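For reference, the chains in residue letters:
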Amino acid sequence: MKFLSDKTVDRLRQNATLPDLFGTRYRLLERVARGGMGVVYAAHDEMLDRRVALKVLDVPAADGDFARRLNREARVLARLEHPGIVPVHDVGTLSDGRVFYTMKFVEGQRLDKHIETVTSLPERLRLFTRICDAVAFAHARGVLHRDLKPANVMVGPFGEVLVMDWGLAKILREPPAEASEDDPEATIVHSPKSVDVPADTTPATQITGQGTVLGTPGYMSPEQARGDIAHVNERSDIFSLGALLRFLCAPVALANANSPRRREKALEAICAKATEHDPAQRYASVSDLSSEVSRYLDGLPVSAQKESLLDKAVRLYRRYTVPILLIAAYLIVRTLILIFFHR
Amino acid sequence: MTGDAFPATRWSVVDAVKSADPTEQARALDTLFAAYWKPVYKYVRLRWNRPPEDAQDLTQGFFAEMLERELLAKYNPAKSKLRTYLRLCADSFVMNQDKAAHRHKRGGNATHVALDFQAAEGELAGATIDAASIPSPESLDEFFEKEWVRSLFALAVEDLRQLCVEQERERAFRLFEAYDLSGDPEISYQKLAVEYAIPVSDVTNALSWARREFRRIALERLREICGSEEEFRREARTLFGPDTA
């Protein structure tokens, strides 16, 4: 029996694990992270001379049907052209039969890390509305994300917000150009997860059997948790967005500590409505949720909260603080003048 | 990771030794010896600082005692990894031998298995572990694990070679040997294609197949020497890294 040196053992381990990109236009650079459905590597696109994220799926080489389905869905996702969605550049098959995708390599921070430096609540909420924009766009194209959570959102160096890891995405309906005889219930494509950060430490997402999805505890809707695929729809993503909003509003060193509790009550009402157990009680669309947050930001009443008179007064005071103070000052001065001349 | 990440369940040696079927028992013990004798021998040499002859006797004696005292049957997968259990058993065996000064009796009634101690000694001469660090428990565990991986990979390579012969794919093995085993930093797919006068794509395909088979075989062997599914998964990660989900 041949003696294997340490170097040979390492080489064997590496070659038996790393994807063999020979025959593709990509050169492997390094392993970046493990996602719910596969491993993300940094690779160099030799043809276009650029760095890309390359995700290799954990799909049995022998499972041709599944691989074909993934390929088809990658093509659908590749057409989700939105500044808030990481574009898929290329889809291919490795020599061992595994499917891979290449996507834009995103430099930046995961949302959960990024917000540690964002201490203003309005700024956090504006980030949230941009996440909603991307998800609403995908919904309009018939694609559900199904795994929305802070770890799956990246914030780029110029503040761009990108929704990542569409690995558990579900295609509700295909765009007309792509209509095919394939199973419309099919799932899964993706973009890189946490491309420039260590592997996700939140409980892993998984997929089982015929597309029964287990999302991430705390962010997945009750219907997902039950594996009730028939009832997973846009409102399931709205549930996750509600949980994400609650995460963003958590009292973590917000600079404007003067945010009164009454205002938080409105936000809490929005979160509560988005995360209702019964999907029918949630917002009807991501745009509705986003508009509600925007209304809150503008100091307008939100539909999720029944305002008491005091709540309304405080809200109006917050919204019109300057004019109210000016009028009050004017009235006080006017009163003082009247009193002075009356004497 | 891929579909071959978790091969179809085969009887673990831990279960097989409890079998009433002597053939199954013998197969289990063979599997265990094959994977562990070198790590145990090298461990005894380094950890207990024994000269080669003593270490050979102790290694043979240890496996003989494992049979006599049915140590495998006493192993509890819930408490530790089989690898750790065997290492601790080896420690205990050596200590007991010292205490009782029974060396002359060691393995007296047991059948000695033909083991290539000379080869193991040669490998040990090239061991990279720092002798000064031997007393540290961490380094011992690390050393034993490293030798265990080496032993398992060597067995898997040998199995792959046999598989290639059976399937008349000797060229695939030669390519695998040249690219993955030779350690030649200058080697490339192109060079191999020229050397074997075949298209580069054939080299790629052959190497992909060989690596896939190597991984499958290694995991199959691993499954046999693990006490539980959970242990198998943990050890698979040790063997192939965290991506072996």
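Draft legend 1. Summary view of the overall build of chain B. The number of helices and strands found in chain B is eleven helices and zero strands. Reading chain B from its N end, one meets helices and strands in the order α-α-α-α-α-α-α-α-α-α-α. In chain B, which comprises 245 residues, the proportion classed as buried is 38%. The contacts in chain B between residues at least 6 apart in sequence include a share of 70% that link residues at least 24 apart.

Draft legend 2. Representation of the overall build of chain A in the model. The helix and strand inventory of chain A stands at ten helices and twelve strands. Looking at chain A residue by residue over its 343 residues, the buried ones come to 40%. Across chain A, contacts joining residues at least 24 apart in sequence account for 65% of those joining residues at least 6 apart.

Draft legend 3. A look at the sheet that holds strand β5 (residues 99–104) of chain A. Residues and elements named next belong to chain A. Ordered in space as β1-β2-β3-β5-β4, the five strands form an open sheet in which the pairing is antiparallel. Pairing within the sheet leaves two strands with one partner each, and these edge strands are β1 (26–34) and β4 (88–93). Ignoring which end each strand starts from, the neighbouring axes of this sheet average 30 degrees apart. Pairing between strand β3 (residues 50–57) and β5: five bridges, direction antiparallel.

Draft legend 4. Focus on the nonpolar core. In terms of nonpolar packing, the biggest core is built from 72 residues, with Ile-131, Val-135, Leu-241, Leu-245, Ile-270 and Ala-274 of chain A touching the most fellow members. Among the elements that make up this core, the one with the highest residue count is helix α4 (residues 121–140) of chain A (nine residues). Taken domain by domain, the makeup of this core includes at least three residues from each of domain 1 (17–104) and domain 2 (109–317) of chain A. Ignoring any residue separated from it by four or fewer positions in sequence, one finds Leu-241 of chain A in contact with Cys-132, Val-135, Leu-148, Ala-274, Val-286 and Leu-289 of chain A. Ala-35, Phe-93, Ala-206 and Leu-222 of chain B belong to the second largest nonpolar core, which has 62 residues in total.

Draft legend 5. Molecular detail of the environment of Gly-242 of chain A. Residue and element names in this part refer to chain A. For Gly-242, the location among the structural elements is in helix α6 (residues 234–249). By C-beta crowding, Gly-242 is classed as buried, having 23 other C-beta atoms within 10 Å. In sequence terms Gly-242 and Ile-270 are 28 residues apart; their C-alpha atoms lie 7.6 Å from each other. Each residue touching Gly-242, except ones within four places of it in the same chain, is listed here: Cys-271, Ala-274 and Thr-275.

Draft legend 6. Geometry of the confidence of the model for chain A. Predicted confidence across chain A gives a mean pLDDT of 78, with 78% of residues reaching 70 or more. For the stretch residues 178–214 of chain A, pLDDT sits under 50, and the model shows 103 contacts to residues farther than four places along the chain or on other chains.

Draft legend 7. Region of the structure containing the pairing of β3 of chain A. Residues and elements named next belong to chain A. Among the eight residues of β3, six are classified as buried, and the element is accordingly described as predominantly covered. In terms of strand pairing, strand β2 (residues 38–45) meets β3 through eight bridges, oriented antiparallel. Bridge pairing in β3 places Val-40 opposite Lys-55. Joining the antiparallel neighbours β2 and β3 is a turn of four residues, in which Asp-49 adopts a positive phi near 50 degrees.

Draft legend 8. Representation of the sheet that holds strand β6 (residues 109–110) of chain A. All names here are of chain A. The strand order across the open sheet formed by three strands is β6-β8-β9, and the pairing between neighbours is antiparallel. In this open sheet, the two strands that pair with only one neighbour each are β6 and β9 (161–163). Along the sheet, α4 contacts β8 (153–155) and β9; its crossing angle with β9, the most-contacted strand, is approximately 45 degrees.

Draft legend 9. Inspection of the packing of helix α10 (residues 200–224) of chain B against helix α11 (residues 229–240) of chain B at higher detail. All names here are of chain B. Packing of α10 against α11 leaves a shortest axis separation of 10 Å and a crossing angle of 140 degrees. As judged from the angle between their axes, α10 and α11 are oblique. Here α10 runs over α11; the crossing is right-handed. Residues Arg-215, Ala-218, Leu-219, Leu-222 and Arg-223 of α10 form the contact with α11, whose participating residues are Phe-232, Glu-235, Ala-236, Leu-239 and Phe-240. Partitioning the contact of α10 with α11 into residue classes produces seven nonpolar, no polar and three charged.

Draft legend 10. Representation of the confidence of the model for chain B in the model. All names here are of chain B. Of all residues in chain B, 80% have pLDDT values of 70 or greater, and the mean over the chain is 79. Residue range residues 1–9 is modelled with pLDDT below 50. Its contacts to residues more than four positions away, or to other chains, number 24 contacts. Here the prediction assigns the complex a pTM of 0.58, and the interface score ipTM is 0.72.

Draft legend 11. Structural context of the environment of Arg-126 of chain A. Tracing the sequence through the fold places Arg-126 of chain A in helix α4. In sequence terms Arg-126 of chain A and Leu-297 of chain A are 171 residues apart; their C-alpha atoms lie 8.5 Å from each other.

Draft legend 12. Focus on the pairing of β2 of chain A. In terms of strand pairing, β1 of chain A meets β2 of chain A through seven bridges, oriented antiparallel. If you follow Arg-31 of chain A over to β2 of chain A, its bridge partner there is Tyr-41 of chain A.

Draft legend 13. Just helix α8 (residues 286–297) of chain A, in detail. All names here are of chain A. For α8, spanning twelve residues, the distance from its first C-alpha to its last is 17 Å, which sits close to the expected 16 Å at 1.5 Å a residue. Listed as buried for α8 are Val-286, Leu-289, Ser-290, Glu-292, Val-293 and Tyr-296. End-on, the buried residues of α8 take up no more than an arc of 155 degrees, which puts them together on one face.

Draft legend 14. Broad picture of unusual backbone geometry. All names here are of chain A. Backbone geometry places Asp-49, a non-glycine residue, at a positive phi of 50 degrees. By the element assignment, Asp-49 lies in the loop between β2 and β3. Assessed through the 7 C-beta atoms surrounding it within 10 Å, Asp-49 is described here as exposed.

Draft legend 15. Expanded view of helix α3 (residues 52–68) of chain B. All names here are of chain B. The terminal C-alpha atoms of α3 lie 24 Å apart, and with 17 residues this matches the ideal 24 Å at 1.5 Å per residue to within 8%. Turning to α3, its buried residues number three or more, namely Ala-55, Gln-56, Leu-58, Thr-59, Gln-60, Gly-61, Phe-62, Phe-63, Glu-65 and Met-66. In the stretch just after α3, Glu-70 is the one whose phi turns positive, near 50 degrees.

Draft legend 16. Broad picture of the environment of Pro-301 of chain A. Residue and element names in this part refer to chain A. Positionally, Pro-301 belongs in the loop between α8 and α9 (309–319). Pro-301 sits 14 residues away from Arg-315 along the chain, and the two C-alpha atoms are 7.9 Å apart. The contacts of Pro-301, once residues within four sequence positions are left out, are Glu-307 and Arg-315.

Criteria and cut-off values
- Residues numbered from 1 in each chain as written.
- Chains lettered and ligands numbered in written order.
- Predicted model: local features only at pLDDT ≥ 70, side-chain atom pairs only at ≥ 80, totals over all residues.
- Helix = DSSP H or I, 4+ residues; strand = E, 2+ residues; numbered from the N terminus.
- Buried ≥ 20, exposed ≤ 12 C-beta atoms within 10 Å, placed from the backbone.
- Contact = placed C-beta atoms within 7 Å.
- Pairing = 2+ DSSP bridges.
- Axes fitted to C-alpha atoms, helices over the stretch in contact; angles between N-to-C directions.
- Core = buried A, V, L, I, M, F, W, Y, C linked by C-beta atoms within 7 Å.
- Domains from an automatic or database assignment.
- pLDDT = per-residue confidence, 0-100.
- Parallel < 35°, antiparallel > 145°, perpendicular 65-115°, else oblique.
- Left-handed = near helix turned anticlockwise from the far one by under 90°.
- Nonpolar A, V, L, I, M, F, W, Y, C, P; charged D, E, K, R; others polar.
- Expected span 1.5 Å × (residues − 1).
- Arc of directions from axis to C-beta.

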